[in-house]
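For reference, the chains in residue letters:
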Amino acid sequence: MKSLSPRRTSHVLLLTLLILCGLQLPALATIRNVKTNCGAAGDGSTDDTSAIKTCIGLLVSGDTLEFPAGTYKVSSQLTINVSNVTIDGSNNTATILYTGGGVGPFFVVGAVNQASWGTAVALTAVANELSNSFTTVSSLGVNAGDYVLMQQGGQDYSTDTAPGHPANCDPTSVCRGEVLKVQSVNSNTITVTTALHDTYNPSVNAARAQKMLNPVSGVTVQNITFDGNGTVDYGFEINGVVNSTINGVTSKNTIGSALYSWGAFNSTWSNITVTGAGSENCGEAVAFLQQGRL
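Here we summarise the structure given alongside this text.

Cut-offs applied
- Residues numbered from 1 in each chain as written.
- Predicted model: local features only at pLDDT ≥ 70, side-chain atom pairs only at ≥ 80, totals over all residues.
- Heavy atoms only, no water.
- Helix = DSSP H or I, 4+ residues; strand = E, 2+ residues; numbered from the N terminus.
- Buried < 20%, exposed > 50% of the residue type's maximum accessible area, 1.4 Å probe, protein only.
- Contact = heavy atoms within 4.5 Å.
- Areas by Shrake-Rupley, 256 points an atom, 1.4 Å probe, with all protein chains shown as cover.
- Core = buried A, V, L, I, M, F, W, Y, C linked by side-chain atoms within 4.5 Å.
- Phe/Tyr/Trp six-rings, centres within 6.5 Å; stacked < 30°, edge-to-face > 60°.
- Patch = residues over 30% accessible without salt bridge, like charges linked within 9 Å, V, L, I, M, F, W, Y side chains within 5 Å.
- Salt bridge = Lys/Arg side-chain N within 4 Å of Asp/Glu carboxyl O.

**Let's talk about the overall build of the protein chain**
Part 1 of the reasoning: Along its length, the protein chain carries 3 helices and 24 strands.
Part 2 of the reasoning: Across the 294 residues in the protein chain, those meeting the buried criterion constitute 43%.
Part 3 of the reasoning: Across the protein chain, contacts joining residues at least 24 apart in sequence account for 67% of those joining residues at least 6 apart.
Part 4 of the reasoning: Accessible area of the protein chain: about 14,200 Å², with a carbon and sulfur share of 51%.

Written out as structure tokens, the structure is:
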């Protein structure tokens, strides 16, 4: 009987060890083609909602959701909440056409409407503009690498009788805020990776901090068109997403914002086209709120 070579023996022993320890080899990245893998038609008349949702349900980290050339009619919201995936529109030959009407949005990456936040905790003292740290009255429950929202109160414009709008912030509503990445934690003092862009005063404008919950990271959306068909308020949204890239995206034909992002850090937007948007809902064709390192 032949004996195994040392290299082959080591491979056999490694495989045996993996099996005995109940470990699994990492899954290979997969292209999920909405036509060939999930049965979407992409002909502009067939409702492809169910087929696309099937492919979305298959996504795991490292995968690509591929839309070959075509127009994909959808009638309800599509939501992708998986990190490290790519949504690709095949060199901008693919269009997601929404026919469901209503408020929308009809294509969401991350959380719906806005990022999810932990309990708001007040600051113990003023955190000055360009500072890299702040202290809260109790623990935020964060560690290095987490993300936090620094926010302060806002002016209630419904009672504003002065010409124009005052520049100051007060505790009546949301005014200004930004997302920060935690560098280190020492008791209730948080050091962050980027300097504050405003002065946050707990006694004047109700300054407080919140942890970002369950952020989605490392998403790429590229070379695809989102068409709201002129009947939906909001189009493409990306909320609670960090370290991501949006490139070569067209969003159009919405009543309100064609692009909307609430809560993000280190997201790169490039080669973006917006048309036929922003006539209602505050008149914003594009809305970016609570961003950091945009």
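**Description of the nonpolar core**
Part 1 of the reasoning: Of all hydrophobic cores here, the largest spans 35 residues; its most connected members are Phe67, Ile87, Val221 and Phe236.
Part 2 of the reasoning: Listing elements by their share of this core, those giving two or more residues are helix H2 (49-58), strand S4 (70-74), strand S5 (78-80), strand S7 (94-98), strand S8 (107-110), strand S17 (220-227), strand S18 (236-239) and strand S20 (245-252).
Part 3 of the reasoning: Each residue touching Ile87, except ones within four places of it in the same chain, is listed here: Leu65, Phe67, Ile80, Phe107, Val109, Val219, Thr220, Val221, Gln222 and Ile224.
Part 4 of the reasoning: In terms of nonpolar packing, the next biggest core, distinct from the first, is built from 16 residues, Met150, Leu180, Tyr200 and Ala207 among them.

**A closer look at the packing of aromatic side chains**
Aromatic rings considered in pairs are described by the distance between their centres and by the relative angle of their planes.
Part 1 of the reasoning: Applying the stated rule across the entire model yields 11 aromatic pairs.
Part 2 of the reasoning: Here the aromatic rings of Phe67 and Tyr72 are separated by 5.3 Å at their centres, their planes lie at 75 degrees, and the arrangement is edge-to-face.
Part 3 of the reasoning: Residue class for Phe67 comes out buried when judged on its relative accessible area of 0%.
Part 4 of the reasoning: Looking at Tyr72, the relative accessible area reads 0%, which means it is buried.
Part 5 of the reasoning: Following the ring pairs from residue to residue traces out a cluster consisting of Tyr98, Phe106, Phe107, Phe226, Phe236, Trp269 and Phe288.

**So, a nonpolar patch on the surface**
Part 1 of the reasoning: A contiguous nonpolar surface patch, about 260 Å² in accessible area, is contributed by Val286, Phe288 and Leu294.
Part 2 of the reasoning: Relative to the elements of secondary structure, Leu294 occurs in the segment after strand S24 (286-292).

**A few points about the pattern of salt bridges**
Part 1 of the reasoning: Counted according to the given criterion, the structure contains 2 salt bridges.
Part 2 of the reasoning: Across the pair Asp63 and Arg32 runs a salt bridge, and its minimum N-O distance is 3.2 Å. With Asp63 in the loop between H2 and strand S3 (64-66) and Arg32 in strand S1 (residues 31-33), this residue pair connects regions lying 31 residues apart in the sequence. The residues Asp63 and Arg32 share a single accessibility class, namely buried.
Part 3 of the reasoning: Between Asp146 and Lys211 there is a salt bridge, with its nearest N and O atoms 3.9 Å apart. Separated by 65 residues along the polypeptide, Asp146 in the loop between strand S11 (133-135) and strand S12 (147-154) and Lys211 in strand S15 (residues 208-213) bring together distant segments of the chain.
Part 4 of the reasoning: With relative accessibility at 23%, the residue Lys211 sits in the partly exposed group.

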